[in-house]
Amino acid sequence: MKRAGAILAVALLAACGGRTAVRPAESAAATRAAPLRVHIVAPGETLWRIARRYGVDVERLAALNGLADPNRIVAGQRLLLPPEAAPAPEAAPAARPRWRWPVRGPVSSLFGAPRGGSRHQGIDILVPPGTPVRASAAGVVRYAGRRRGYGLLVVVDHGEGFTTWYGHNSRITVREGDAVAAGARVALSGASGNASAPHVHFEVRRNGKPLDPLALLP
Ligand SMILES: [Zn+2]
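Computed from a prediction, not measured in an experiment: that's the story for all the values here. (Residues numbered from 1 in each chain as written. Predicted model: local features only at pLDDT ≥ 70, side-chain atom pairs only at ≥ 80, totals over all residues. Heavy atoms only, no water.)

**Q** Would you mind showing me how to read the overall build of the protein here?
**A** If you tally the helices and strands in the protein, you get four helices and 14 strands. Counting every position in the protein, which comprises 218 residues, the buried fraction comes to 39%. The long-range fraction of contacts in the protein, counting pairs at least 24 apart against all pairs at least 6 apart in sequence, stands at 60%. Just so you have it, the protein exposes about 11900 Å², and 56% of that area is on carbon and sulfur atoms. (Helix = DSSP H or I, 4+ residues; strand = E, 2+ residues; numbered from the N terminus. Buried < 20%, exposed > 50% of the residue type's maximum accessible area, 1.4 Å probe, protein only. Contact = heavy atoms within 4.5 Å. Areas by Shrake-Rupley, 256 points an atom, 1.4 Å probe, with all protein chains shown as cover.)

**Q** What's the story with the coordination of the zinc ion in this structure? I'm lost.
**A** For a metal with four tetrahedral donors the ideal donor-metal-donor angle is 109.5 degrees, whereas six octahedral donors ideally subtend 90 or 180 degrees. Of the protein atoms, only His120 (NE2), Asp124 (OD) and His201 (ND1) coordinate the zinc ion, at distances of 2.0 to 2.2 Å. Donor residues for the zinc ion, ordered by position in the chain, follow H-x3-D-x76-H. A residue pair is termed long-range when its members are at least 10 positions apart, and His120 in the loop between β5 (118-119) and β6 (123-126) and His201 in strand β13 (residues 199-206) qualify at 81 residues. For His120, a relative accessible area of 3% corresponds to the buried category. (Donors = N, O, S within 2.8 Å, 3.2 Å for Na, K, Ca; no water.)

**Q** Explain the environment of Asn71 here, please?
**A** Relative to the helices and strands, Asn71 resides in the loop between α4 (58-64) and β2 (78-81). For Asn71, a relative accessible area of 58% gives the class exposed. Linking Asn71 and Trp48, residues 23 residues apart in sequence, is a C-alpha distance of 9.0 Å.

Geometric values such as these leave the question of function open.
Here is the structure:
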């Protein structure tokens, strides 16, 4: 990282000082034979799983990212992938997905609503317990398990940096790594975790940043 920064700084100086209009990004890329790719750690992911997914050595991945303890990675962390990393085995839609509702019901809490010092990162959709919760678009199950306030949570990765999150389920019906079609059932709704009444907490994130689902849903 330090080295890339230094290269960028030199390129910037060159661009400012000389008449040669070298764009820094191009210059920096040109100095590397194969540009490194980045993987953003999903909730519940381990370094071993990431290494296996890309067919690379876990020690190489740890060394490349300066990780002294491979157990200490956190969701949202950016990991550099070595040039030999295989493409991630997942559906990579060419364009942003066309989203569909995970369940049909009244929205009881909007995105951005104040939540005890923070903001609601998704929307709440009221449905009776046991209602099938459906993938909002095609993707790969990135997380399926219990997670703090979310209760039983499913996270689906749609590629292009998009993930959808389905919280408070009573039962999860998929496993991590499963490919799911748009509209496929991923869970049964409930009130697990921090939920005062049965509902689906639904989030859409891009590169980890929550977006307003109502701006994306039809
Ligand atoms: Zn919620």
